[in-house]
Amino acid sequence: MASAVRAGRRLRQAVEGGELAGLPASLRAELEAALASEGALVAFSLLRRLHAALREAGSPLYLHELLEGSEIDLPEVPVPPRNPELVARLERIKAKLANEEYRRMTRNITGQEMNGTLAEFGRQVRSVKAVVITIFNFIVTVVAAFACTYLGSQYIFVETAARVLSAVIVASVVGLAELYVMVRTLEGDLGKL
């Protein structure tokens, strides 16, 4: 933390030019000694006493005017030596994190090429499996829509023909919507192949 000020040109002029003649001699002597020292460092405590003496004397000079051009002297903070055990531990942690990141980046990379007949057969099976599941989902959705509408329409329609007709209409609408979604999905999957 700063505890001194490096005196500027204005403070030097005031001390050397006799502007501070109305101050006590001991204070002037301390100021002259501080300005004559190496670096011309003036302690904050000396500045506080100077400020109080200027107020008591009723001087037209203000402390902020005297400090114009001065700089606060900030001492260098000593850097403590690093603990070798801590440095070694940090290096181990950095290496471990780098290895984990490398493994995460390369986890889906294998050294084997997948170009044989079995690999091609596996791709085809996956493609057929996806199509079969999609068609099964389509059929289940349409049948479920028909069944729900047929059973739910018994509260509205008394005749069986009206119930079947309403169930067929709802199942057709659901089927068309499902067919649209299925075609878009298959079109996207075929585009990837």
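Look up: the structure comes first, before these words.
This write-up is about the structure you can find in this document. On a predicted model such as this, the values are computed, not experimentally measured, just so you know.

Here we come to the nonpolar core. If you look at the biggest cluster of nonpolar residues, it comprises 21 residues, and the most contacted ones within it are Leu-20, Val-42, Leu-50 and Leu-66. Contributing elements (two or more residues each) for this core: helix H1 (9-16), helix H2 (25-36), helix H3 (44-57) and helix H4 (63-66). With 5 residues, the top contributor of residues to this core is H3. Those residues in contact with Leu-66 that sit more than four places away from it in its chain are Arg-10, Leu-11, Ala-14, Leu-20, Leu-50, Leu-54 and Leu-61.

This part is about the sheet that holds strand S3 (residues 71-73). Strand order in this open sheet of 3 strands is S2-S1-S3, and the pairing throughout is antiparallel. Since the sheet does not close on itself, it has two edges, and those belong to strand S2 (41-43) and S3, each with one partner. Here the strands of the sheet are splayed against their neighbours by 40 degrees on average, with no regard to which way each runs. Pairing between strand S1 (residues 4-6) and S2: 3 bridges, direction antiparallel. Looking at the pairing, Val-5 lines up with Val-42 of S2. Running over the sheet, H3 touches S1, S2 and S3 and is turned about 70 degrees from S2.

Turning next to the pattern of salt bridges. Under the counting rule described, the total for this entry stands at 1 salt bridge. The shortest N-O distance in the salt bridge between Arg-49 and Glu-30 comes to 2.4 Å. Taken together, the positions of Arg-49 in helix H3 and Glu-30 in helix H2 put the pair 19 residues apart, joining distant regions of the chain. Taking the relative accessible area as the measure of exposure, Arg-49 reaches 40% and is therefore partly exposed.

Our next topic: the packing of H2 against H3. The description of two packed helices rests on the angle between their axes and on the distance between the axes. Following both chains from N to C, one finds H2 and H3 inclined at 140 degrees, their axes separated by 11 Å at the closest point. One way to sum up the angle between H2 and H3 is to call them oblique. For the element pair H2 and H3, the recorded crossing hand is left-handed. Contact residues: Leu-27, Glu-30, Leu-31 and Ala-34 in H2; Leu-46, Arg-49, Leu-50 and Ala-53 in H3.

What follows concerns the packing of aromatic side chains. Under the defined criterion, the tally for this structure stands at 1 aromatic pair. In this arrangement the basic side chain of Arg-163 is found over the ring face of Tyr-150, its NZ or CZ atom lying 4.3 Å from the centre.

The next point concerns helix H6 (residues 117-152). Taking 1.5 Å per residue as the helical rise, H6 with its 36 residues ought to reach 52 Å, and the 52 Å between its terminal C-alpha atoms agrees with that figure. Along H6, the positions that sit buried rather than exposed are Ala-119, Ala-145 and Thr-149.

Each value, and the rule that gives it
Residues numbered from 1 in each chain as written. Predicted model: local features only at pLDDT ≥ 70, side-chain atom pairs only at ≥ 80, totals over all residues. Heavy atoms only, no water. Core = buried A, V, L, I, M, F, W, Y, C linked by side-chain atoms within 4.5 Å. Buried < 20%, exposed > 50% of the residue type's maximum accessible area, 1.4 Å probe, protein only. Helix = DSSP H or I, 4+ residues; strand = E, 2+ residues; numbered from the N terminus. Contact = heavy atoms within 4.5 Å. Pairing = 2+ DSSP bridges. Axes fitted to C-alpha atoms, helices over the stretch in contact; angles between N-to-C directions. Salt bridge = Lys/Arg side-chain N within 4 Å of Asp/Glu carboxyl O. Parallel < 35°, antiparallel > 145°, perpendicular 65-115°, else oblique. Left-handed = near helix turned anticlockwise from the far one by under 90°. Phe/Tyr/Trp six-rings, centres within 6.5 Å; stacked < 30°, edge-to-face > 60°. Lys NZ or Arg CZ within 6 Å of the ring centre and 35° of its normal. Expected span 1.5 Å × (residues − 1).

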